[in-house]
Amino acid sequence: MKKQLVMIGNGMAGVRAIEEILKLNKEEFEMTIFGKEPYPNYNRIQLSHVLQGDTTVEEIIMNDWDWYKENHIQLFTNESIVKINPENKTVESSNGRITAYDKLIIATGSSPFILPVKGAEKQGVTGFRDIHDCEVMIKTAESYKKAVVIGGGLLGLEAARGLIDLGMTVDVVHLMPHLMERQLDPTASQMLQRELESQGMNFLMEKQTEEILGEDRVTGIRFTDGSETAADLVVMAVGIKPNIEVAAACGLEVNRGIVVNDYIETSIPDIYAVGECAEHREVTYGLVAPLYEQAKVLAETIVGKRESTYEGSITGTQLKVSGVDLYSAGEIMDDPSVKAIKVHNEFDGIYKKILVRDNKIAGIVLYGNTKDSSKLFRMMMGKEEITDLTDISLLQKAGEEGAEDIGSIPADEVVCGCNGVTKGTIVKAIQTQGLTTLNQVSGCTNAGRSCGRCKPLVNDILMHTLGDSFDASLAKDSLCGCTALSRDEVVEEIRTKGLTAVKEVMNVLEWKQEEGCSKCRPAINYFLGMVHMDAYEDDRDSRLVNEKMHANIQKDGTYSVVPRMYGGVTNAKDLMKIAQIAEKYNVPLVKLTGGQRIGLFGVKREDLTAVWQELDMPSGYAYGKTLRTVKTCVGSQFCRFGTQDSMSLGMELEKKFERLDTPHKVKMGVSACPRNCAESGIKDLGYVGIDGGWEIYVGGNGGTDLRAGDLAWTVTTEAEVMEYSSAFLQYYRETANYLERTSTWLERLGLDHVKAHLADKNIREKLNDRLDQTLQRYNEPWKQAIEDQKVNEKYYSTKEVELV
Ligand SMILES: Cc1cc2nc3c(=O)[nH]c(=O)nc-3n(C[C@H](O)[C@H](O)[C@H](O)COP(=O)(O)OP(=O)(O)OC[C@H]3O[C@@H](n4cnc5c(N)ncnc54)[C@H](O)[C@@H]3O)c2cc1C
Ligand SMILES: NC(=O)c1ccc[n+]([C@@H]2O[C@H](COP(=O)([O-])OP(=O)(O)OC[C@H]3O[C@@H](n4cnc5c(N)ncnc54)[C@H](O)[C@@H]3O)[C@@H](O)[C@H]2O)c1
Ligand code: SF4
Ligand code: FES
């Protein structure tokens with residue numbers, strides 16, 4: 001009979017230990033896992049990205065329900081273990097279920113530390129630890145405006161960034177004079193604070209919370225100095241405490257965590273503790289890298305190998321906030337026992353500090369450029385002598401950029417810090433197992449499976465190792481958790497099997513979830529339209545919510561109305577009409593948008609159809625994955641510098657491409673001279689007039705991932721502008737991942753590749769033809785709502801609309 005292995009906790013460290021055990025011996029145990037949360041194993045680290053709106057809960061599931069079935073693991077979710085009985089080797093669950101074990105792993109993780117202040121139990125006070133907390137914050141942000149995050153550590157700052165992204169105003173309350181004082185020295189900390197302030201965070205430093213104010217629900221916070229701040233939501237991010245209660249109650253030796261030895265054994269035979277709940281050599285850890293090391297050792301211990309021991313870890317930290325690049329490891333503070341090598345370039349916002357003791361690196365703090373982090377960490381961990389190195393070779397010149405030279409990275413350098421995976425391991429896996437995609441490399445080596453920061457580098461190693469045989473188009477990432485098929489495979493199946501409807505695609509291609517998810521439904525609808533061109537009937541209900549409504553939902557549940565104004569040009573008649581409607585419907589805000597349009601903000605859902613009917617103007621698609629706006633300068637018609645007629649080209653472009661579905665939003669700019677008043681350099685397609693023609697720039701982006709467009713073509717006529725633009729857009733439509741901007745798409749395929757492909761006149765013509773055919777299928781969306789009562793009722797009556 002197989003031995004019974006029971007695990008308490010279904011989190012990151014515990015399930016990693018199970019994976020390691022399965023790798024060593026699939027047959028030895030019958031496994032049962034109890035998890036307090038109602039989900040299969042998910043990537044807790046990515047909750048910050050869920051909150052920041054970069055990913056969804058579905059996408060962060062690491063081992064789905066099928067994985068447990070396939071590995072014959074009995075999983076009880078929503079069921080906590082309340083008691084361990086070491087005498088008769090059983091555990092008891094919150095449902096009263098008694099389960100016997102031969103070996104028991106405790107992997108209960110930690111809970112957020114909630115400050116024991118008056119009012120901490122009020123509604124609107126939460127920690128940030130699990131999917132539920134994340135959902136509470138997202139929901140709160142729908143109806144409330146002001147959040148206060150207590151704690152300026154890693155978690156607090158990532159939470160604050162997410163809450164800003166959700167539209168809330170955020171105060172971060174911090175006890176100490178400097179943020180992240182355990183990871184950064186004051187210089188780096190101040191640089192971080194300045195950056196975060198520029199992103200909209202407000203800091204209340206050196207404040208100690210005394211009381212959470214409000215009746216049932218929080219309304220504010222009072223500090224010990226008597227000052228107060230208002231709050232609709234309070235997120236406590238002041239550290240964590242290991243979950244040790246059940247372990248302590250059964251007589252296990254506990255301190256801050258459950259005490260384990262170098263084999264990850266507790267004080268009672270056949271009971272083990274791993275992860276944040278475990279304490280090893282008086283240290284508990286709160287990052288996955290050391291926990292995964294523990295998991296590996298534990299697996300060997302449990303299968304009786306007992307070869308490796310866990311010796312403790314030094315950890316490196318990074319913050320997952322876009323626009324912030326920082327890294328720290330080891331010691332951080334200058335003191336008489338260490339010498340520091342520092343580079344501080346205030347112009348480029350770069351700070352690098354290495355602390356050296358006895359000619360060996362003792363600590364690293366990097367801000368603004370963390371390219372050297374792996375190299376320095378390896379040197380620190382290997383206790384390398386640095387006597388022969390110059391300061392410059394240790395710390396590359398601040399601000400020095402350039403592509404990573406993959407060939408020069410030594411094989412033993414750790415590429416994925418979370419999972420301790422070296423370049424050598426990745427290269428070997430690619431070569432020996434014939435891997436061709438990032439997903440496969442992650443699956444085999446674990447690299448990239450946790451915080452995800454190393455993924456670009458792992459991908460570069462993949463490309464470098466495969467050399468000429470690397471084919472970007474083959475690089476396979478599955479479309480979403482509902483299918484193992486990649487984007488390209490789904491598109492191919494649509495073409496070859498002649499699939500014509502979203503549901504049909506999901507049925508025929510055996511989607512794991514019958515209804516799909518918010519990631520795949522809009523993508524499939526887009527692919528179907530792209531493949532079948534004018535023959536496809538759009539599935540409106542599969543679209544993202546703003547597209548489904550043909551209006552952007554605002555944070556208070558009202559909508560915006562942005563009529564089309566070709567090239568940003570309007571006239572007195574339209575302006576009067578807009579003004580009258582704004583007055584008639586009490587529109588609270590009339591504002592010029594960044595794309596030179598007039599937006600009416602705060603329109604009630606039930607007024608939308610009437611507003612559009614009275615406007616009698618085309619929709620500006622300010623909400624869509626489509627051409628948004630073509631921004632133009634006044635150009636040769638009025639400006640004395642203008643060499644070309646930018647307004648007329650802008651209007652022509654906008655009239656041609658309006659309503660076209662694209663993988664992501666597309667913006668254009670037309671400037672009539674290189675002074676570039678229409679900011680053509682940061683548009684997906686930007687045009688700059690020069691003597692005798694136009695320069696066409698592609699792949700620019702003025703948003704979060706700022707990118708200057710690349711000059712792709714210089715042409716002489718407007719007809720050529722239209723031909724190249726159509727070809728470029730259609731090639732992007734046909735090859736980009738859904739929700740991939742032209743900037744990332746272009747970086748992925750490479751400018752040279754795109755230019756070479758479109759250099760062929762024949763190819764350009766075919767792309768133009770397919771785009772023209774597709775354009776024939778679009779109608780003015782508001783006309784349909786105005787004319788069709790059913791559509792009007794379905795989407796614009798005051799009944800709740802199901803959000804995708
Ligand atoms: C928002 C956020 C961002 C993070 N970002 C990073 C990062 O960038 N890098 C990094 O390295 N780390 C990060 N971390 C920390 C990392 O997620 C944790 O270190 C890791 O998840 C700990 O794994 P664990 O298995 O010990 O605990 P957990 O993942 O918390 O798993 C423990 C599980 O046990 C369950 N449980 C507890 N008691 C019982 C019981 N009695 N019965 C049954 N089940 C029980 C819990 O509900 C939980 O599901 C982050 C954490 C958060 C919250
Ligand atoms: N990027 C990452 O690696 C990452 C991201 C999120 C969370 N985490 C992990 O999650 C865990 C929890 O993170 P955390 O930031 O809560 O813990 P933490 O202990 O790292 O930081 C807590 C911060 O709160 C401050 N603080 C303490 N009491 C306070 C008070 N009364 N008022 C104001 N500030 C106070 C502390 O000075 C400290 O800077 C940690 O283990 C962390 O490593 C890691
Ligand atoms: S880009 Fe040149 S032509 Fe256009 S408005 Fe500016 S200065 Fe005038
Ligand atoms: S460094 Fe975090 S997943 Fe690789």
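Residues numbered from 1 in each chain as written. Chains lettered and ligands numbered in written order. Predicted model: local features only at pLDDT ≥ 70, side-chain atom pairs only at ≥ 80, totals over all residues. Heavy atoms only, no water.

**Considerations on helix H24 (residues 761-775)**
Using the following cut-off: Helix numbering and strand numbering both begin at the N terminus, where a helix is a DSSP run of H or I of at least 4 residues and a strand a DSSP run of E of at least 2. Multiply 1.5 Å by the residue count of a helix minus one, and that product is the helix's expected span. Per-residue accessibility, obtained with a 1.4 Å probe over protein chains only, is compared with the maximum for each type, and a residue is labelled buried under 20%, exposed over 50%, and partly exposed between these values. Taken from the helix axis, the directions to the C-beta atoms give the arc we talk about. Contacts were defined at the residue level, with two residues in contact if any of their heavy atoms lie within 4.5 Å. Here a polar contact means two N or O atoms within 3.5 Å. Within protein one must be a hydrogen donor candidate and the other an acceptor candidate, and residues neighboring in sequence count only if both atoms are side-chain atoms.
Helix length check: H24 (15 residues) gives 21 Å between terminal C-alpha atoms against 21 Å at 1.5 Å per residue, within 8%. Every buried residue belonging to H24 is among Arg764, Leu767, Asn768, Leu771, Thr774 and Leu775, and all of these are buried. The buried residues of H24 occupy an angular sector of 125 degrees when the element is viewed end-on, so they sit on one face. Buried positions along H24 lie against helix H16 (520-532), helix H20 (646-657), helix H21 (718-735) and helix H23 (751-758). The N-terminus of H24 is capped by Asp760, whose side-chain oxygen sits 2.9 Å from the backbone nitrogen of Asn762.

**Side note on the pattern of salt bridges**
Our working rule: Should a side-chain nitrogen of Lys or Arg be within 4 Å of a carboxyl oxygen of Asp or Glu, the pair is scored as a salt bridge.
Scanning the entire structure with this criterion turns up 56 salt bridges. One salt bridge in this structure joins Asp66 and Lys69, with 3.9 Å as the shortest N-O distance. Separated by three residues within a single helix, Asp66 and Lys69 lie in helix H3 (residues 65-70), roughly one turn from each other. In this structure Asp66 comes out as partly exposed when scored by relative accessible area, which is 30%. Sharing partners across several salt bridges, the network here consists of Asp538, Arg543, Glu547, Asp661 and Arg777.

**Comments concerning the confidence of the model for the protein**
The line we're drawing: Note: pLDDT gives the predictor's confidence per residue, expressed from 0 to 100.
Averaged over every residue, the pLDDT of the protein is 91; the share at 70 or more is 96%. The low-confidence segment residues 397-403, where pLDDT is below 50, has eleven contacts with residues more than four positions distant or belonging to other chains. Throughout residues 800-804 the model reports pLDDT below 50, and contacts reaching past four residues in sequence, or to other chains, amount to 15 contacts. In the predicted assembly, ipTM is 0.92 and pTM is 0.67.

**Describing the packing of H21 against H23**
How two helices pack is summed up by the angle between their axes together with the distance between the axes. Our working rule: To obtain each axis, a line is fitted to C-alpha atoms, and for helices this fit is confined to the stretch in contact; angles are then taken between N-to-C directions over 0 to 180 degrees. Comment on the angle field: the value is read as roughly parallel under 35 degrees, roughly antiparallel over 145, roughly perpendicular from 65 to 115, and oblique elsewhere. Rotating anticlockwise by less than a right angle from the far helix to the near helix defines a left-handed crossing, while the corresponding clockwise rotation defines a right-handed one. Residue type decides the class: Asp, Glu, Lys and Arg count as charged, Ala, Val, Leu, Ile, Met, Phe, Trp, Tyr, Cys and Pro as nonpolar, and the leftover types, Gly among them, as polar.
Close contact between H21 and H23 brings their axes to 11 Å; oriented N to C, the two are set at 120 degrees. Overall, the two elements H21 and H23 adopt an arrangement that is oblique. Crossing of H21 against H23: the hand is right-handed. Two secondary-structure elements touch here, H21 through Tyr724, Ala727, Phe728 and Tyr731 and H23 through His753, Val754, His757 and Leu758. In the contact of H21 with H23, the residues fall into six nonpolar, two polar and no charged.

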